[in-house]
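One letter stands for each residue in the lines below.
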Amino acid sequence: MKIGLIGQKWLAAEVFKALHDQYEVVFVAVPSPNDRLYALATAADVPAIIYGSAGLDALAGLPVDLLICANAFVFVPDWIRQQARYSIGFHPSLLPLYRGRTSVADAIAAGERVTGGTVYHLTDDVDGGPAVFQAWCFIEDGEQAPALWRRALAPMGLKLLIKAADHLAACGFIPAEEQARL
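What you are looking at is a predicted structure, and each value in this text was computed from that prediction instead of being measured.

Engineer: I tried to follow the overall build of the protein chain on my own but got confused; where do I start?
Structural biologist: Assigned secondary structure in the protein chain consists of five helices and seven strands. In terms of C-alpha radius of gyration, the protein chain reaches 16 Å, essentially the compact-globule figure of 16 Å for 182 residues. Dimensions of the protein chain along its principal axes, counting C-alpha atoms only, are 45 × 35 × 30 Å. Taking all 182 residues of the protein chain together, the buried fraction comes to 49%.

Quick look at the structure:
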C-alpha cells in the first residue's frame, strides 16, 4: 500500500516510523526542513517535500492509496485529495465539537471533563469530513492544552491513524460516518 504523509513534529514523525517498515511511504510533505519528519524521511531515502509558504503544488502527480495528515495545519485541496484513494487526518477533539486550531484549549476553556480525538476523511470543510475512528480521554484537573496534547491526544492520534491505515490494508476501505450536526 502506498502512503503519502503531510505533517510535522512528533505526531507526523511517529506516524512515519510506525508505517515506513510496513507500507511504502511514497513521500512526506513538511512545512520546514528543520522538522524531525524531514530528517527521518531523508535518512530513509523517502522524498521529502517542503511546502512552507509555497503550498502543496509539488504533490501533483504523486498518487497514493492513502494520504495522511498528521499535525499538518495546511488545507489539502480537492485536486490533491483526488490523487489518493483515501485522504484522512487527525483532529484533537471529538468532532463535530471544537473544530479549528484551538480545539484543545477551547475544550478546556469550556470546562469539559472529557475530550478526545477523531480521524476523519478530508473534505473542503475544515475538520468537517466523515469520521473514521474516535477515542476519548479525561481532562485532568488544572491540565493545560500543551500537557493534554502530549499526555493523551498526540499518542491517541498516532494509534488512530495507524488503525485507519491497517484497516485499509486489511479490509480494502476506510469507514466513514457523517459527523452529527450541532
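Anyway, onward from the coordinates.
Engineer: Looking at this structure, I do not really get the pairing of strand 4 (residues 64-70). What am I missing?
Structural biologist: Regular strands have side chains that alternate between both faces of the sheet. Within strand 4, six of the seven residues are buried, leaving the element largely enclosed by the surrounding structure. Pairing geometry for strand 1 (residues 2-7) and strand 4, over five bridges, is parallel. Across the sheet, residue G7 finds its bridge partner in strand 4, namely A70. One ladder, built from five bridges, connects strand 4 with strand 5 (residues 84-91); its direction is parallel.

Engineer: Honestly, the sheet that holds strand 6 (residues 114-121) in this entry has me stumped. Any pointers?
Structural biologist: Where strands meet in a sheet, backbone hydrogen bonds hold them as pairs that are either parallel or antiparallel. Spatial ordering of the open sheet is given by 3-2-1-4-5-6-7, a layout of seven strands whose pairing is mixed. Of all strands in the sheet, those with a lone pairing partner are strand 3 (48-50) and strand 7 (131-138), marking the two edges. Taken over all neighbouring pairs, the strand axes of this sheet differ in orientation by 15° on average, direction set aside. Bridging between strand 2 (residues 24-30) and strand 3 involves three bridges; their strand directions are parallel. Counterpart to A29 in the pairing with strand 3 is I49.

Engineer: Looking at this model, I keep getting lost on helix 5 (residues 145-171). Mind explaining?
Structural biologist: Counting along an α-helix, one turn takes 3.6 residues, and residues three or four places apart therefore face a common direction. The largest bend along helix 5 reaches roughly 40° and is located at R151, with the proline P155 sitting one to four residues downstream. G172 sits one or two positions beyond helix 5 and adopts a positive phi of about 85°.

Engineer: Explain the side chain of S93 to me, please; I cannot follow it from the model alone.
Structural biologist: With respect to the secondary-structure elements, S93 resides in the loop between strand 5 and helix 4 (103-109). Within polar-contact distance, the side chain of S93 engages the backbone oxygen of Y98 at 3.2 Å. Those residues within four positions of S93 in sequence are excluded, and the remaining contacts are Y98, S103, T115, G116, G117 and T118.

Cut-offs applied
As a convention, each chain's residues are numbered from 1 in the sequence order in which they are written. Local features are withheld for residues below a pLDDT of 70 in this predicted model, meaning they are given only at 70 or higher, and side-chain atom pairs are given and counted only at 80 or more; totals for whole chains, interfaces and linings count all residues. The side-chain numbers reported here are obtained from all heavy atoms of the structure, hydrogens and water having been left aside. Secondary structure counts use DSSP, requiring at least four H or I residues in a row for a helix and at least two E residues in a row for a strand, with both numbered from the N terminus. To get the radius of gyration, use the C-alpha atoms; to get the globule rule, take the number of residues to the power 0.38 and multiply by 2.2 Å. Categorising residues by exposure relies on relative accessible area from a 1.4 Å probe, with only protein chains included: less than 20% of the type maximum marks a residue as buried, more than 50% marks it as exposed, and the intermediate range marks it as partly exposed. A pair of strands is treated as paired once DSSP finds two or more bridges between them. Every axis in this analysis is a line fitted to C-alpha atoms, fitted for helices over the stretch in contact. Angles between the N-to-C directions lie between 0 and 180 degrees. The angle separating two fitted axes, one through the seven residues that finish at a residue and one through the seven that start at it, defines the bend at that residue. Residues adjacent in sequence count toward polar contacts only when both atoms are side-chain atoms; beyond that, a polar contact is any pair of N or O atoms within 3.5 Å, and within protein one must be able to donate a hydrogen and the other to accept it. Working rule for contacts: check all heavy atoms of both residues, and any pair within 4.5 Å makes them a contact.

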